[in-house]
Amino acid sequence: AKSSGKNRVVVYAEGMERAAQTKAELITDLDSAVAEGQFAVHYQPTVELSEGVTTGYEALLRWQHPTRGLVPPLEFIPLAEESGAIVEIGRWVLTEATRQAAQWSRQAGRPIDVAVNLSPRQLLDDDVAAAVRAALDASGLPAGQLTLEVTEGVLIDDVEAVVDTLRALRLLGVRIAIDDFGTGYSSLSYLRRLPADVVKIDRSFVQDLGTGGRSTTLVASIIELARSLHLEVVAEGVETEEQHAVLGRLACSHAQGYLFGRPQPAAVQQPAAAVPVPQ
Ligand code: C2E
Ligand code: CA
Ligand code: CA
Ligand code: CA
């Protein structure tokens, strides 16, 4: 028993070593991935529920690694945060997403909004407002059509600095969304502290809508709270007609999810069509 325990430790240590090596390799590869053109932005529609039209898209980053294939964002974004590569990558996403939204807006003859995720490290980079302004200038996208999504993770470091940066970004005219709302330990306190325009209700709440649990009451309360604070609400992760119907009854203004559309390359999305959502 003793020796098998020892072997387990050895196997575990080898596994750890491999993981550490993979991580180190990915961090090195991330450094050149922008220059090598390995990133793509996929776009997922945001739907205005009362009219059933797509008003905009969330930009979601994809990394096509030359040997490992598609690496999911939840795997590489924390590494890019750690190494600092996220600053350059984030700028690329901003440039790409604003350019795409401006092009779609011209083609559709109506404003097509875009939302870009910002990680904590990007917000602490003192040039983020300049990077956002540069992307808006280069694309010609009106600032009001760009939303920047942040999570409560931005509050673990220098809260004052983060709030100052978000204020500066809002002065440019862009909107700030609190992403994954309701999952943090202190959602109400960051609602109080962060200057925000939009709350995105986390998928975990939306998933349980209509199943008879407490989620419907919680989502109703979040929507009510947002309304009284004059914030827009986006329900994330809507997958079923039933969830859609409940959100409609709760007068939720906007939603996203596989029911309306999966994240897809820009070439696959057709914002001009303004297809009504299934009722
Ligand atoms: P997020 O910002 O909360 O994005 C929503 C995630 O839920 C996306 O995963 C999306 O594909 C997925 N999703 C959307 N609708 C549904 C649905 O109906 N059902 C289910 N099961 N999932 C749905 P994805 O694309 O893998 O992105 C994961 C996370 O990676 C994002 O979570 C975001 O935190 C981060 N991320 C993605 N792109 C960027 C980026 O450009 N910059 C930064 N800093 N983070 C990013
Ligand atoms: Ca998001
Ligand atoms: Ca989210
Ligand atoms: Ca999330």
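Reading the values: the criteria
Residues numbered from 1 in each chain as written. Chains lettered and ligands numbered in written order. Predicted model: local features only at pLDDT ≥ 70, side-chain atom pairs only at ≥ 80, totals over all residues. Heavy atoms only, no water. Helix = DSSP H or I, 4+ residues; strand = E, 2+ residues; numbered from the N terminus. Rg over C-alpha atoms; globule rule 2.2 N^0.38 Å. Buried < 20%, exposed > 50% of the residue type's maximum accessible area, 1.4 Å probe, protein only. Contact = heavy atoms within 4.5 Å. Areas by Shrake-Rupley, 256 points an atom, 1.4 Å probe, with all protein chains shown as cover. Lys, Arg positive; Asp, Glu negative; His and termini not counted. Charge placed at Lys NZ, Arg CZ, Asp CG, Glu CD. Donors = N, O, S within 2.8 Å, 3.2 Å for Na, K, Ca; no water. Near = heavy atom within 4 Å. Polar contact = N/O pair within 3.5 Å; in protein donor to acceptor, adjacent residues only side chain to side chain. Nonpolar A, V, L, I, M, F, W, Y, C, P; charged D, E, K, R; others polar.

Enquirer: In this structure, what is going on with the overall build of the chain? I would like to understand it.
Expert: From N to C terminus, the chain includes ten helices and ten strands. The globule rule puts the C-alpha radius of gyration for 279 residues at 19 Å, and the 20 Å found for the chain is close to it. Summarising its shape, the C-alpha atoms of the chain cover approximately 65 × 50 × 40 Å along the three principal directions. In the chain, which comprises 279 residues, the proportion classed as buried is 47%. The long-range fraction of contacts in the chain, counting pairs at least 24 apart against all pairs at least 6 apart in sequence, stands at 67%. Total accessible area on the chain is roughly 14200 Å²; 53% of this is exposed by carbon and sulfur atoms. Counting 24 positive and 36 negative side-chain charges, the chain places the averaged centre of each group 4 Å from the other.

Enquirer: Would you explain the coordination of the calcium ion (ligand 3) in this entry?
Expert: Under ideal tetrahedral coordination, the four donors around a metal are separated by 109.5 degrees; under ideal octahedral coordination, the six donors are separated by 90 or 180 degrees. Coordination of the calcium ion (ligand 3) by the protein is provided by Asp179 (OD), Asp180 (OD), Glu236 (OE) and Glu236 (OE), with metal-donor distances spanning 2.2 to 2.4 Å. Judged by relative accessible area, which is 7%, Asp179 ranks as buried. Classification of Asp180 as partly exposed rests on a relative accessible area of 26%.

Enquirer: Where do I start with the site of ligand 1 in this structure?
Expert: Taken together, 22 residues lie around ligand 1, and Gln44, Arg62, Asp179, Glu239 and Tyr258 are the ones closest in. One of the backbone N or O atoms of Leu61 is found 3.1 Å from a nitrogen atom in ligand 1. Within the side chain of Asn117, one N or O atom sits 3.0 Å away from an oxygen atom of ligand 1. Alone, ligand 1 offers 810 Å² of accessible surface; in the complex the protein occludes 83% of this. Secondary structure elements with two or more residues in the shell around ligand 1: strand S2 (53-65), helix H2 (73-83) and strand S6 (175-181). If you tally residues by element for the shell around ligand 1, the top one is S2, at four residues. In the shell around ligand 1, the residues fall into nine nonpolar, six polar and seven charged.

Enquirer: What am I meant to see in the side chain of His65 here?
Expert: Looking at the element boundaries, His65 is found in strand S2. Here Thr67 takes part through its backbone nitrogen, which lies 3.1 Å from a polar atom of the side chain of His65. Once residues within four sequence positions are removed from consideration, His65 is found in contact with Leu26, Asp29 and Val71.

Enquirer: Please clarify how the environment of Ala24 should be interpreted in this entry.
Expert: Relative to the assigned elements, Ala24 resides in helix H1 (residues 2-33). For the pair Ala24 and Ser83, spaced 59 residues apart in sequence, the C-alpha separation works out to 10.0 Å.

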